[in-house]
Amino acid sequence: MSVKLCTLLLLALLWKVAVPISFRYHRYTELIQALYDVHNACPYISRIYSVGRSHQGRHLYVIEFSDHPGIHELLEPEFKYIANMHGNEILGRELLIQLSEFLCEEYRNGNQRIISLIQNTRIHIMPSMNPDGYEVAADQGPDTNGYLTGRNNFKDVDLNRNFPDLNMVMYYNEKNGGPSDHLPLPDNWKEQVEPETLATILWMDSYNFVLSANLHGGAVVANYPFDKTKDFRSRGYRRMTSYTATPDDKLFKSVINPMQFTHVLESLGSHEVELLSRHVIKETWAALLYYLVINIYKAGLSESAFLDAYIVTSWRKLLILVTY
């Protein structure tokens, strides 16, 4: 397919999906307002609660969707989304705000798929696990942001690497004998983690989540357990990695695979995508795919039309994961 034809096709798809959505970034107070706007519009199927506070005292807010908010119903699966664990990876945060708005709107509009989803699934959405880092990144402005500015929390700790590492315990047990599941956390784990991490772990321990997703940014990849590989050396010097599948490996793949077909660019070949990013977008749009368990392009703040289109196609993927 020629570059010109690809361009026309892409623009047509972008126009079709971009029109209904208006996009802007949400600072902390704006995020809170957006969540309460959703709750006020759909008070009977939503609930807002906080799982804890950040170092600087900002709440880690969650909006829940259910036909009985605040109540665990027997045999009803519980699902959670977390975004913005790295404060400067912001598209997941905005996607979850828009997903919340979408669920409310479509429920009110009588969308049977959404009605069924909310009646049969309890959905928990945390748009930001690192609100302090987000504010640091946002304060820098779009023209001066460093690559790592705001990535970590207020104490400059990477929250993505702050959870107790049970992978190595399990690998050790596999080799030397010992349990491979239901592993206890270290006795002093609460003293070793940040307040945002502590709040998230206690939250996970309080609900029977059967499926979850953590939305990041920066690479074309969907990670699923076990994320940490078993490294070993060949002939004493060459480092190798092995595939560390779980007993649920087929399940994870069946969840992830359908998503790749819902993105407007993923139906094109890699060469065509490369040509589009080079000839159409040029320097105004960074040709980086975001890793959100789904794929989305990172856009500059001025490229709102492109960004809106990818948000629309991407939150449709979020629904695929929740619906699974």
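Residues numbered from 1 in each chain as written. Predicted model: local features only at pLDDT ≥ 70, side-chain atom pairs only at ≥ 80, totals over all residues. Heavy atoms only, no water.

So, about the packing of aromatic side chains. Taken as a whole, this structure holds four aromatic pairs when the rule is applied. Between F79 and Y81 the ring centres are 4.8 Å apart and the planes differ by 75°, which places this aromatic pair in the edge-to-face class. No difference in accessibility class separates F79 from Y81, as the two residues are buried. Its end group placed over the ring of Y28, R58 keeps NZ or CZ at 5.8 Å from the ring centre. When the ring centre of Y134 is taken as origin, the NZ or CZ atom of R93, which lies over that ring, is 3.5 Å away. (Phe/Tyr/Trp six-rings, centres within 6.5 Å; stacked < 30°, edge-to-face > 60°. Buried < 20%, exposed > 50% of the residue type's maximum accessible area, 1.4 Å probe, protein only. Lys NZ or Arg CZ within 6 Å of the ring centre and 35° of its normal.)

If you check the backbone angles, N84 has positive phi at about 60° while not being a glycine. Position of N84 relative to the elements: it lies in the loop between β3 (78–83) and α3 (91–108). Its relative accessible area of 0% is what places N84 among the buried residues. Even without being a glycine, H182 presents a positive backbone phi close to 50°. (Helix = DSSP H or I, 4+ residues; strand = E, 2+ residues; numbered from the N terminus.)

Taken as a whole, helix α5 (residues 131–140) has its buried residues at P131, D132, G133, Y134, E135 and A137. Packed against the buried residues of α5 are α2 (28–41), β2 (59–65), α3 and α8 (195–206). The positive-phi residue at the C-terminal boundary of α5 is G141, with phi of around 85°. (Contact = heavy atoms within 4.5 Å.)

With that settled, consider the nonpolar core. If you look at the biggest cluster of nonpolar residues, it comprises 29 residues, and the most contacted ones within it are I63, F65, Y81, L96, L103, I123 and I125. Listing elements by their share of this core, those giving two or more residues are α2, β2, β3, α3, α4 (112–120), β4 (122–126) and β5 (209–215). Those residues in contact with I125 that lie beyond four places of it in its chain are Y61, V62, I63, F65, Y81, L96, L99, S100 and L103. Formed by 13 residues, the second largest nonpolar core is a distinct cluster that contains I82, M129, L159 and Y207. (Core = buried A, V, L, I, M, F, W, Y, C linked by side-chain atoms within 4.5 Å.)

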